[in-house]
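# Coordinate inspection notes
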Amino acid sequence: MSELLAPRRMVELEVDGQPVRVFEGSTILDACRQLGIDTPTLCYGETLEPANVCRVCVVELEGSRVLVPACSRKVDAGMKVQTDSERVRLSRKLVMELLASSVDLTTTPVAPEYLERYGAEPERFGPPAPPTTDRDRARTGHHVVPDGRTAATVHQPVKVDNELYVRDYAKCILCYKCVDACGEQHQNTFAIHVAGRGFDARISTELATPLPESACVYCGNCIAVCPTGALMFRSEHELREAGEWREDEQVVTETTCPYCGVGCSLELHVQDNAIVKVTSPADHDVTLGNLCIKGRFGYTHVS
């Protein structure tokens, strides 16, 4: 029988004392979801390969010296996993405290729940340090000595250098999803990547050039995968700044992009009878959540 037609084997393991059978090649996260266990994630994306950087999905695996990321650890027969042990909860608490003390999580939808669930207290690191204006010029190996009284932050001014979207890297948790979507996993444009090391690491264009002078093709696929609002439609950013962003009142209408024959599916988000942003379903077999500049931003002619 052809390897492509061979039936997939099932693997049985134990999660939180419950037996579960999943397909070979599945992850611990897949097994957790099959059991209805709510395992927190930030850097995980359904359409992207796991990056293993946020570490909030870590679980305790019997026989493993360290906690393992549920989003990428493949299952093995006989595994015994604990998703809510004291060790796991402490790790998740610390991760959320470090993130919340250094990053603006106000537009990260899941952050308040995670902070409350694990009793995170980011304020114990002290008040936020003053924002910096020269983060793009930080040099590897040249670090500012902390004063010990404030919590270092990644805060910096919002980058508004084009008409389509803004980059608010004060909200960036370095999940790498935008880099992967811009790079080999989706767009293959490679306009952005990670610059710097350690706490000075940040998402940047080549030589920190303004976006209009970079290789960016404005597909907006980086916005689609950003979990924190660090990348945002300019229309949404301006409405939020004016206190007029009312997501709970918006109507979402699904339609097909009219610009070409590919058949991309669009979700039009309408507020006050105006389209405020366009997304695409991540589970659509044509787009996988991706669009081009016309599909993502070419909606102003409607009004």
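Residues numbered from 1 in each chain as written. Predicted model: local features only at pLDDT ≥ 70, side-chain atom pairs only at ≥ 80, totals over all residues. Heavy atoms only, no water.

It is worth spelling out the pairing of strand E2 (residues 18–23) at this point. On any regular strand, side chains alternate: one points to one face of the sheet, the next to the other face. The pairing of strand E1 (residues 10–15) with E2 spans 6 bridges and is antiparallel. Within E2, the position partnered with Met10 by the bridge is Phe23. Taking the residues that link successive antiparallel strands as the turn, the E1-E2 hairpin has 2 residues, and the phi of Asp16 there is positive, at about 50°. (Pairing = 2+ DSSP bridges. Helix = DSSP H or I, 4+ residues; strand = E, 2+ residues; numbered from the N terminus.)

Let's shift gears to the sheet that holds strand E11 (residues 265–271). Pairing in this open sheet of 3 strands is antiparallel, and the strands run E10-E11-E12 from one edge to the other. The sheet terminates laterally at strand E10 (251–256) and strand E12 (274–279), the two strands that pair on one side only. Averaged over all neighbouring strand pairs, the angle between strand axes comes to 30°, with direction disregarded. (Axes fitted to C-alpha atoms, helices over the stretch in contact; angles between N-to-C directions.)

Glancing now at the pattern of salt bridges. Enumeration according to the criterion identifies 18 salt bridges in this entry. Note that Arg33 and Glu46 form a salt bridge whose closest N and O atoms lie 2.5 Å from each other. In this pair, Arg33 is assigned in helix H1 (residues 28–34) and Glu46 in the loop between H1 and strand E3 (58–61), connecting sequence segments 13 residues apart. For Arg33, a relative accessible area of 39% puts it in the partly exposed group. The class of Glu46 is exposed, set by a relative accessible area of 55%. (Salt bridge = Lys/Arg side-chain N within 4 Å of Asp/Glu carboxyl O. Buried < 20%, exposed > 50% of the residue type's maximum accessible area, 1.4 Å probe, protein only.)

Here we take up the nonpolar core. With 29 residues, the main nonpolar core has Tyr165, Cys178, Ile203, Ile223, Leu231 and Val278 as its most contacted residues. Those elements giving two or more residues to this core turn out to be helix H4 (177–182), strand E7 (192–195), helix H5 (221–225), strand E9 (231–233), E11 and E12. The element that contributes the greatest number of residues to this core is H4, accounting for 3 residues. In this structure, Ile223 is in contact with Tyr165, Leu231, Met232, Phe233 and Phe297, ignoring residues within four places of it in sequence. (Core = buried A, V, L, I, M, F, W, Y, C linked by side-chain atoms within 4.5 Å. Contact = heavy atoms within 4.5 Å.)

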